[in-house]
Structures are given as structure tokens and as C-alpha cells.
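Tertiary structure, described
One-letter residues, chain by chain:
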Amino acid sequence: MSTEQFLALIGFVTVMTATPGPNNLMLMASGANAGFRRSLPHIFGIAIGCQVILVCVALGLGQLLSQFPQAINVLRAGGAAYLLYLSWQLLRSDGIQGNNAQAKPFTFFQAALFQWVNPKAWMMILTGVATFTDPTDFSISVAIVAGAFLLIGLPLISSWSLFGALLKQWLNEGSRLALFNRTMALLLVASLIPTFGLQANEARLQDEPAAETIKTPTQQTQREPWWLSVM
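For the structure given in this document, a descriptive report is provided here. (Residues numbered from 1 in each chain as written. Predicted model: local features only at pLDDT ≥ 70, side-chain atom pairs only at ≥ 80, totals over all residues. Heavy atoms only, no water.)

**Observations concerning empty space enclosed by the protein**
The cut-off we apply is this: Using protein atoms alone on a 1 Å grid, points that fit a 1.4 Å probe yet trap it form a cavity, whereas open point sets bounded by protein on both sides within 12 Å along at least five of seven lines form a pocket; residues with an atom within 4 Å of a point count as lining. Grid points are joined across faces, edges and corners, and a volume is the space filled by probe spheres set on the points. Counting from the N terminus, the helices are DSSP H or I runs at least four residues long and the strands are E runs at least two residues long. Ten residue types, Ala, Val, Leu, Ile, Met, Phe, Trp, Tyr, Cys and Pro, are classed as nonpolar, four, Asp, Glu, Lys and Arg, as charged, and the remainder, Gly among them, as polar.
Under the definition given, this model contains 1 cavity of 30 Å³ or more. By volume, the largest cavity is sized at about 200 Å³. Taken together, 20 residues line the largest cavity, and the ones lying closest to its centre are Thr 17, Ile 46, Cys 50, Met 124 and Ile 157. Where the lining of the largest cavity is concerned, the elements lending two or more residues are α1 (3–18), α2 (22–34), α3 (40–67), α6 (119–132) and α7 (138–166). The element best represented in the lining of the largest cavity is α7, accounting for 5 residues. Each residue belonging to the lining of the largest cavity can be placed in one class, and the counts come to 11 nonpolar, 8 polar and 1 charged.

**Notes on the packing of aromatic side chains**
Worth spelling out the cut-off: Pairing of aromatic side chains requires ring centres within 6.5 Å, counting the rings of Phe and Tyr and the six-membered ring of Trp. Pairs whose planes differ by under 30 degrees are stacked, by over 60 edge-to-face, and all others tilted. Three labels apply to residues, based on accessible area from a 1.4 Å probe with only protein chains included: buried if under 20% of the type maximum, exposed if over 50%, partly exposed otherwise in between.
Counting across every chain of the model gives 5 aromatic pairs. Ring centres of Phe 108 and Phe 109 lie 5.4 Å apart, and the angle between their planes is 90 degrees; this geometry places the pair in the edge-to-face category. Phe 108 gets classed as partly exposed once you look at its relative accessible area, which sits at 29%. Residue classification places Phe 109 among the exposed positions, given a relative accessible area of 62%. An aromatic cluster of at least three residues, connected via ring pairs, comprises Phe 12, Phe 132 and Phe 149.

Put into C-alpha cells, the structure is as follows:
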């Protein structure tokens, strides 16, 4: 992987993991309701869950999706239904006044399994593998992409939970926490809008024959910008 590609990968991972999405909004709500320490399994579950999906995509899941593009719609519908359920749970929450013992953040396995129905996770992983892996040195480039998601993404998603935890004492006054949870619920629903840009052709990109995938430096510079591929 060239220096230019590596820097582009760093930028891609930073933007994808730091911006609002289902994971980050849920982590912020978890931090505010249960505290940062109790949200750690949720944080690590997200990180490891995404790593598992990335490896599966690299091993051929992307090719399977390209052969059955309707699977993308199933993932999208399943993810939307579950996010709406989580939003409803937050919307019904009246807040936890001064006691986080009743708060139930995601467990490690719940957070890891959620990634399989998280539209944004699929969007960024399919795009990342298709854009930044090199078919001539596939294993190493996949390891670099996976390492970038883990080493950059983990601190960034943790910051969302930490920010929610820092707000916890202020939110426990009056009905602020209930209002916060309702706001997070609405934002969680709104996060579905951009993530519905996931398309089956993103899965096809990584399965092109090597002869078609290997491009000259001039051709690489004319490639569609990565930010357009996730719109």
C-alpha cells in the first residue's frame, strides 16, 4: 500500500468511525445512562464485531452478496427494524435519576451481533475493503485495513461514550435525561437515512478479476472518490 493510499485510508476510517451513526449514538446514550465503565463491553463488542465482518467480507462474503444482491435489502430491512426497536426503547425511557444500576447497556456479544444488522457498518466495511485492498498483496492489505479500523476506530467510538458519561451528572437533574434519551431516539432513526446508501455494487467491486482491478497510477487518480461511494 502506497503512502498516498495509506493516508486516504486513515482519512476514510476517521470520518466513518467518528461521525454520528447507530453505534456512536447508542454509545453516547449508554455512557449517559450507565456510565463509561459499564459501556466498555459495548465498545469492544462493536470493535470486534466489525473486525469479524471485515474478515468475512475479505474471505468471500462480498462475492456471495454480489451473487445475491437481495441479501443487501434483507440486511437493510433487518437493521432498520432493529434500530427502530432500539429507538422505541429509548423513547419510552423516563431516565434514571442518580442511579445507574438499572441501566442495561449492550453486552459484548449483543454489540458484536448488532454489527451484522448495522447498515453503516456494512457500508464502511464493504467500501473499505473494495477501495483499499490490493489484489496483488491481498492478505497484507486486508490486515492494514483491519488494523486501521481497530486502532483508529476504537478510541474514536470510545470518545462518544465518554462524552455521554461526562454529561451524566448534569442530565440527572430534573427531566433532562428523559429528554436526552428522546433526542437520541430521534437521531437514531435519522441515522438510517444516509446508511440506506448501501448498494450491492459495493460488494461487487472487491470481486472483480485481478486483471481488471489492477490499475495504473493514472487510472487510480481518476477513480471515483471514496466519499461518493458511501452516499
